[in-house]
2 protein chains.
Amino acid sequence: MIPHPAYDVDPWRLVESALEPDMLPQSESVFALSNGHIGWRGNLDEGEPHGLPGTYLNGVHEIRPLPHAEAGYGYPESGQTILNVSNGKLIRLLVDDEPFDIRYGVVHAHRRELDFRTGLLDRQVEWESPAGQVVRVRSQRLVSFTHRAIAAIRYEVEAVGEPARIVLQSELVANEQLPVGNGDPRASAMLHDALVSEDHGSRPNGAYLVHHTRRSEIRVGAGMVHTIDGPEKREITSDSAADLGRTTVAVVLQPGEKLTLVKYVAYGWSGRRSLPAVRDQVAAALVAAHRAGWDGLRTEQREFLDQFWTNADIQLDGDPELQQGLRFGLFHVLQASARSEGRAVPAKGLTGPGYDGHTFWDAETFVLPVLTLTYPEATKHALRWRHSTLPSALDRARQLGFAGAAFPWRTIDGAECSGYWPAGTAALHVNADIADAVVNYCRVTDDQDFAGGLGMDIVTQTARLWMSVGHRGRDGEFRIDGITGPDEYSAIADNNVYTNLMAQQNLRAAAQLAKRFPGRAKELDISAAEAAGWAAAADAMYVPYDEKIGVHPQSDGFTRHQFWDFANTGPEHYPLLLHFPYLDLYRKQVVKQADLVLAMQQYPEAFTAAQKARNFAYYEAITVRDSSLSAGTQAAIAAEVGHLELAYDYLAEATLMDLRDLEHNTSDGLHIAALASGWNAMVAGFGGLRVGDECVSFAPRLPPALTGFAFRVCVRGTPLRVEVRADSVRYTALDGQPTCVRHHGETITLEPDTPVTMPIPPLPEVAPVHQPPGREPSRRRPIR
Amino acid sequence: MIPHPAYDVDPWRLVESALEPDMLPQSESVFALSNGHIGWRGNLDEGEPHGLPGTYLNGVHEIRPLPHAEAGYGYPESGQTILNVSNGKLIRLLVDDEPFDIRYGVVHAHRRELDFRTGLLDRQVEWESPAGQVVRVRSQRLVSFTHRAIAAIRYEVEAVGEPARIVLQSELVANEQLPVGNGDPRASAMLHDALVSEDHGSRPNGAYLVHHTRRSEIRVGAGMVHTIDGPEKREITSDSAADLGRTTVAVVLQPGEKLTLVKYVAYGWSGRRSLPAVRDQVAAALVAAHRAGWDGLRTEQREFLDQFWTNADIQLDGDPELQQGLRFGLFHVLQASARSEGRAVPAKGLTGPGYDGHTFWDAETFVLPVLTLTYPEATKHALRWRHSTLPSALDRARQLGFAGAAFPWRTIDGAECSGYWPAGTAALHVNADIADAVVNYCRVTDDQDFAGGLGMDIVTQTARLWMSVGHRGRDGEFRIDGITGPDEYSAIADNNVYTNLMAQQNLRAAAQLAKRFPGRAKELDISAAEAAGWAAAADAMYVPYDEKIGVHPQSDGFTRHQFWDFANTGPEHYPLLLHFPYLDLYRKQVVKQADLVLAMQQYPEAFTAAQKARNFAYYEAITVRDSSLSAGTQAAIAAEVGHLELAYDYLAEATLMDLRDLEHNTSDGLHIAALASGWNAMVAGFGGLRVGDECVSFAPRLPPALTGFAFRVCVRGTPLRVEVRADSVRYTALDGQPTCVRHHGETITLEPDTPVTMPIPPLPEVAPVHQPPGREPSRRRPIR
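For the structure given in this document, a descriptive report is provided here. (Residues numbered from 1 in each chain as written. Chains lettered and ligands numbered in written order. Predicted model: local features only at pLDDT ≥ 70, side-chain atom pairs only at ≥ 80, totals over all residues. Heavy atoms only, no water.)

Observations regarding the overall build of chain A
For step 1, the next point in the chain: When you go through chain A residue by residue, the secondary structure sums to 17 helices and 32 strands.
For step 2, the next point in the chain: For 784 residues, the compact-globule formula gives about 28 Å, and the C-alpha radius of gyration of chain A, at 27 Å, lands near that figure.
For step 3, the next point in the chain: The contacts of chain A with a sequence gap of at least 6 include a subset with a gap of at least 24, amounting to 68%.
For step 4, the next point in the chain: Accessible surface for chain A amounts to roughly 26,200 Å². Of this, 49% is attributable to carbon and sulfur atoms. (Helix = DSSP H or I, 4+ residues; strand = E, 2+ residues; numbered from the N terminus. Rg over C-alpha atoms; globule rule 2.2 N^0.38 Å. Contact = heavy atoms within 4.5 Å. Areas by Shrake-Rupley, 256 points an atom, 1.4 Å probe, with all protein chains shown as cover.)

As C-alpha cells, this is what we get:
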C-alpha cells in the first residue's frame, strides 16, 4: 500500500511537506484544531485559496425549514444547521503591496505539521512574490484545551534577500462567502448572511464583533487582541465594521528581520445572555489569555496532552503508518469532545459542516466508549449534555405516543431534525445506545454519583420507552416491531436483534439501578412493580434465530429475503443509496453497516462462539460498508472469531478513513466515529477488551502484520498497560488499586506496578469468509 | 337517520330547496357537471359567494417542485397539480346597477336540481335587491356528453313587480383568485397566476382567450358565443383582455318580461398544437354547438343518459334516500369518465382540486369495475389512457431496478408524483390492479382486439414487473417482500396477501394471453420459457396463513403485532394519520382500509367460506375506515359471509360519503371511487356478482331493510336484469345472446327475454362481529 502522497508518515505528527491545492478541502479537515468548544478548520492563515472556510462554535446553529413533499404527523418542520461564525483565523499579508497568495508568485517551500503532543498546527512557507520579493512565514496555531474560549496564533514573517514593505491585516470576518453546495444530502445546507450584526468596536491592538443568528436567536461574540514584536518603527491601527474587525500592522523589514504577531481570539455565545454580557465574556477571556501569553498557552496545551497520552496511548510495532493513523484518530476524538461541556459531540466534531453539524448515535456508540476508557471526563460531559436534552426527549416521546424519553436521531440542541423518519425517528435504538453509554461509563469509572443521578434519569426514561414500544406476543415473548436497526439498508422491521438486545440491556440496567438507589427510584416514581416489569420484559425479550441455517436474522424474516445481486453491481454503483431506491435496498439481503455484527460486539454474552463465527461469515458476505461506521466493528468481531488478517484490514480502513479520504467527503469534516472505531478495532478487536458488569476482560491476539502492540486504558481510576506479543500479554496496573481483569476468560488480579504475563491461547480454526465482490477491504501490507 | 338538511330526497334528482351559504363548498362538488373531459364545479352563475371556483380540463395541470427534507434516489423531483382554467360559467347580473349577490338583499326563493336523467343543473332563484327590485332568475347548465368540448348555459331573468334595468355580463375569466389552502396535504396545492396569456379577442356576441401554462407548457383555449332573446331594445357589446372575455347585454325589463341568454362555451387544449390550431379548434366546437342549439344539446344529453340508465339502473324498494344516493353516485361515476378519452379518471373526477387532480389505483380497482358492467366504452378509454403511459411506466421500472412496467402511484400524465415512497411507489399492487382491470374488462366484454392488443401489452409488462420484484424463497415459494399493500396504516411488509394474490392473477393472465395470442407473444418477445415461468411463479405464490388463529395475516407477521389501543383512542383522534405518527401506526394491528378483505373480494377462490368468515371478523375488529375506499368493500364481504345488516350499513356509508360529507372534504371534490364502491356494495355485495373466467356469477341476498331491489349489468353486450326479492331472484337477459350465469353456485342459461326465477338459499349462520369502539358504521334505518 502506497502512503498517501499528501502526508508524510510520522509517529506523532501529521506532516504535509508539499501543498497540493486540490487537497485543500480535505487538508482543512485533517488539520482542523478544536477543543470541542471552538473549531477552526485548517484554512490557510491568509484565507484563500480555500476549500471551505470554517469556524464553528459548539451549539451555534441556524434553523431552516424542513420541506416535505407529503407531510405527516410528527415530522419535524424545521431543522438545524451548524453555522460558520466569525473567522478569527485570518491574517492577511501584503508584501510590497502584493497580497501573499500561493496561487501567484512561487512557493519555494511549504510544510505543515499537526503535532499530537503539542496540539499545535505549525506552518512554514517560503514564498516569492510575483515582483520577486521573498518572504518566510511561520505560523503556529492552537485552540486551547485549558482556556476553552480561546484560540491563538503566533505569526512570524521574515524578509529574505531584500528589504520588504510588510502590511499584516489580522481580521475577524463575519458572514464569509461560502462555496455553493453540491446537492449531496449529506453535506450541509449552506446558509448565507446568517449573522446579524449587533455591535462592533476596536481599540488600538484589537477589535470585537457581536452578532446574533437570524432565526435561532443565538448571540455570538468574537474578539481579538494582539501582541506585536519586530522593528521599533511600525504603525498599528485597528478598525471595525458590522462584519469586520481588523488590526493592521505596517513595517519595513530588512533582510533577516522578522515581524511577530501573536493573535488571541476569544468567542462567547449564548441563547440567553444579553449583548453586554456576551461582549464582556469575550473581553474577559482575552484578558486571561493575554495574561497567560503565547508561551503559557503553549505550555498548558502540552501538559494537557501529555496527561492525555499517559492514559490513552497506543503503540504499534511494525506499522508506522497505522501508528500515526491511530494517534491522529485519538487526537481528533479528543479534540471533538475534550471541552464540549454542555454541548454535543457532533458526527464531524467541529471540523466541518457535514451532516449539518448534527450529533447521532455515533457519539454514544462509537466515540464515548473510547473516551470512557481514556478520558472519562469527556464522556461525562457528553452524557450530561444528553441529560440536558431529556425534557425534549420526554416531549418527543409523548408526541410519538410513547412513554419515557425518545431521544432524537439527529440534532444540535436536542430537537429531532431527521427529515426521513424510516431511517431517523424509527431508529429507536439510539435510546438504548445512550443508556448503554451511561452503563458503560458507570462500570468503567465506578462513578456512583452519576449512576444514581443523571445516569439513572436517562436509563429509567429509556427503559420506560421500551416498555411502551414493545409488547407481549401471544407466547409471552417481548417483541419490538416496526422499527429500524443500525443498518440503513433495511427499515421498519420487526425484532431487530441489535435493538432487542440493547433494549434488554437497557431494561436490566434500569431494574438494577432502581434496586441500587431506592431513594432515587422513589423520586422517579418507580414502583416495585414497574421495576419488576422491566426485568421480566428483559427476560422475555424475543431474539429471532433462523434454525435452518443457524444464523440470527438481522430482523424477523431478513434471512428469507432475496440476496442483493452483487455480481451485477459494479464499483460505480457504490454507495448503493445513491444509485438504487430504498424500495429496492430494503427488500433485499444487503447490509450497509454492521448491525447484527455490532450486536455481537455490544452484547457478547447473547451469542455462543459458534454462532458468532457463523453469523459473522453470513453477514460478511452481504455487508457493503457504505457507511464509515462499519469497518471498525467488523474488525472487532473478525478478530474475536479468528480472522486476524481480515480484522487488520478493517482496522486499517477505519483508521485511514480520513487520511486517505476513503468516503470522498473528508472535505465536509472528519468521521469522528470512524476514527474512534479504529481505536476500537485495535483495543476491542486485537485487545479483545469488553466491559463487563464486574470487570474488564481482554482476549488479546497479535495481528500477523505486527511484532507487538501496546495500549493503555484507565479503569476505575487505575491506568492499565497492556503489551501484546505473539505468544503472551503483559498486564500492568500503573499505580492505583489492585484491579481484577480477565484474560481470555481467566480472572487475574493486578497489583499496582506489578506486571503479570499471560500466554495467548491458540487461535481457533475458522473457515475463510468472503465479502461481496469488489467490497473486500484493501489488503493491509505494512511498510516496515 | 335524519336526512341531510341541505338536500331533498328524490329518486332521480339531487334537490337543494334552500341555500345554506356554509354548505356552498360541498354543494359546488355535488352539483358539479362534467363529461370526463370538462368539469364545472357547481358555482353560482354570478361567481360569488363561492367555496372554490373550479373549471377543470382533464389533463391540464401545472408542474410544481416536490421538496424533500432528505432526498433519496428515485424520488420524483416535481409533481403535477390540476389547474383551475378559464371560468366560462360566469354570468354576472346587475339589477338597477346593483350586482345580483345573495349576500345582499333578500332571497325569496332558491332551488337547485341536478337531474340524473336530463343531465341538467337547474337553478331558480327569486331575489329582492337592497333597493327593493325583485327579479326571478332561472339558469340551466349542462356539460355535454355528446359534444365533448362544449358546456352551455341557458340563463333567464325576469323582472317582478316593477320595471328593472338589467345588465348581464357573460364572462370568461382566467387566473381567478383562489382561497388560500388550509395546509391539509390531501388538498390541492393552489397555484396562482398559472396561466400566461397568448391571445384574446372578441366579436359582437362572444370572445375567446388563449393561455399557456407556465411550466407544463399546455396551451388552453376557451371561447364563448351567445344567443339572446328578450326585449327588442337591447344593447350587446363584447370585449376582451388578457384574462377576460366579456359579452354585455343591457335591457330594461317590464314586470313579467324576460331576458334569455344562451351561452355556449368551448374549450380546447394541447401540449403540442399551435396557437392558431387551438384557437380554431375552440371556434369550430362553438359553431357545432351553436348549430345544435340549446334544445339540440339538451335532447342529445337526455338521449345519452336514457341509454346509460337502460344498461345501468339500480332500483331499491324501501329506501328512497339510498335509491337517490346510488343514482347520484352512478351519475357522477359516469360524469368522471364518459368522455375522458385519452385521459385519466382522477380520484375526484373533475369536481374539485383534491389530491391535486391525480389518478390512483382507485380508478382501476373501484371505478372501472362499475363502468365495465354498465358503460364499458369508458373502461376501454381509461385503459387506453393507461396504455398510453406505458413508456413512462417502463422507464420508471428501469429507474427502480425492475423489469417490465411500474405504473405510478399517483399522476396526471403518467409520471410518478408521489412524494412519500413507503405509501406511494412501494404500493406496487397498483400494477396488478391495472392488469386486473384489463382482465375484468376483457372477460365481461369479450373484447378480443383489446385483449390481444393493448390489454396484452399491459398484462405482459406488469407480469414482468412481478417476476423481477418477487423471488424464490428457500422452499421454492414465490415471495414478494418489502412492499406496501392497500392498507396505508402498514407499509414495507413481506408477502402482503392482497398483493401476492393479485400478482398471481396477473402472472396467470399473462401466461394465458401469451398462449391465446402467439403472434403478439412473439412481438412482445415472450418466449415459451418466459410464459412458463409466469405460470410456475403464480403456482408457487406464497400466501401467509396464521394456522394458530386460522386467519390470513395481512402480511407476514401482521397478526403478531400489537393491537392498536382502541379503548384509549377517542373520536377526536380520527383519522388516525392526522394524530399519530406512521411509526406508531405501521407497527400495530390497525387497518385504515380493507386490504385482506379486499383480497377476498378480488380473488374469492383463494379463500374457503370458513376462512372468509373468520378473516372478515378478525379484520372487522381492527379496521377504522379512515379511507373512503373501505366501506364498499366491507359491505361486499359482509354480505357474502352473511352479515346483511352490517353490509347495508356499509353500503349506506359508501353511498352517502359525499351527500353527507362523511370525510369532511367533499368541498375538495367528490370521492368518485367511494361512490362507485356504493354500487359495488349493492351489486357485488347484495347481488353477489363476481366476474369469473367463464361466466358471471350472482349470489343475491335481500337486505332486511328492503322489500326488493333490482339492477342491470351488461355482459358480453347483453343487458341482464336481476330482480331480487326476499326468497327468490328473477334473471332476465334483455335481447342479445343466450347467456350463462351462476346463481349461488348453480349454472343457469338465460335465453333472451325469458326470465328465470331461482330461490335464494338460507343464510349461513354467523357469529356477530364487532368494530373498534366508536368506529361502527351508522345503523341504517331507512325512512319508508
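So, next bit.
Some words on the packing of helix α9 (residues 497-516) of chain B against helix α11 (residues 528-539) of chain B
Residues and elements named next belong to chain B.
For step 1, the next point in the chain: Between α9 and α11, whose axes approach to 8 Å, the crossing angle comes to 150 degrees. With respect to α11, the axis of α9 lies roughly antiparallel. Between α9 and α11 lies a crossing whose hand is left-handed. In this structure, α9 contributes Gln504, Leu507, Arg508, Ala510, Ala511 and Ala514 to the contact, and α11 contributes Ala531, Trp534, Ala535, Ala537, Ala538 and Asp539.
For step 2, the next point in the chain: Looking at the contact of α9 with α11 residue by residue, the classes come out as nine nonpolar, one polar and two charged. (Axes fitted to C-alpha atoms, helices over the stretch in contact; angles between N-to-C directions. Parallel < 35°, antiparallel > 145°, perpendicular 65-115°, else oblique. Left-handed = near helix turned anticlockwise from the far one by under 90°. Nonpolar A, V, L, I, M, F, W, Y, C, P; charged D, E, K, R; others polar.)

Looking at the sheet that holds strand β17 (residues 235-241) of chain A
Strand-to-strand pairing in sheets goes through backbone hydrogen bonds, with the strands running parallel or antiparallel.
For step 1, the next point in the chain: Within the open sheet, the five strands sit side by side as β8-β7-β13-β18-β17 (chain A). Their pairing is antiparallel. One side of each edge strand has no neighbouring strand; the edge strands of this open sheet are β8 (98-99) and β17 of chain A. (Pairing = 2+ DSSP bridges.)

Comments concerning the relation of the copies chain B and chain A
For step 1, the next point in the chain: Each copy of the sequence occupies a distinct position, and chain B is placed on chain A by a rotation of 180 degrees and an axial shift of 0.0 Å, giving an RMSD of 0.1 Å. Viewed as a symmetry operation, the transformation between the two copies matches a two-fold axis.
For step 2, the next point in the chain: Here 100% of the interface residues in chain B have copies in chain A that are interface residues too; the copies meet face to matching face. (Least-squares fit on C-alpha atoms with pLDDT ≥ 70 in both.)

Details of the packing of aromatic side chains
One pair of aromatic rings is described through two measures. These are the centre distance and the angle between the planes.
For step 1, the next point in the chain: Going through the model one piece at a time under the given rule, you end up with 56 aromatic pairs over all chains.
For step 2, the next point in the chain: Ring geometry for A:Tyr441 against A:Phe450: centres 5.3 Å apart, planes inclined by 80 degrees, an arrangement best described as edge-to-face.
For step 3, the next point in the chain: For A:Phe450, a relative accessible area of 3% gives the class buried.
For step 4, the next point in the chain: Ring geometry for B:Phe698 versus B:Tyr731: centroids 5.5 Å apart, planes at 50 degrees, classification tilted. (Phe/Tyr/Trp six-rings, centres within 6.5 Å; stacked < 30°, edge-to-face > 60°. Buried < 20%, exposed > 50% of the residue type's maximum accessible area, 1.4 Å probe, protein only.)

Observations regarding the environment of A:Gln771
Residue and element names in this part refer to chain A.
For step 1, the next point in the chain: Within the secondary structure, glutamine 771 is located in the segment after β32 (756-759).
For step 2, the next point in the chain: Glutamine 771 gets classed as buried once you look at its relative accessible area, which sits at 9%.
For step 3, the next point in the chain: In sequence terms glutamine 771 and phenylalanine 566 are 205 residues apart; their C-alpha atoms lie 9.9 Å from each other.
For step 4, the next point in the chain: Setting aside its immediate chain neighbours within four residues, glutamine 771 contacts Glu620, Ala621, Leu646, Tyr650, Glu776 and Pro777.

Concerning the sheet that holds strand β30 (residues 739-743) of chain A
Residues and elements named next belong to chain A.
For step 1, the next point in the chain: Here four strands make up an open sheet; going across it, the order is β25-β26-β30-β31 and the pairing mixed. Of all strands in the sheet, those bounded by a partner on one side alone are β25 (690-691) and β31 (746-750).
For step 2, the next point in the chain: Here strand β26 (residues 696-698) runs beside β30; their pairing, made up of three bridges, is parallel. Bridge pairing in β30 links valine 696 to valine 741.

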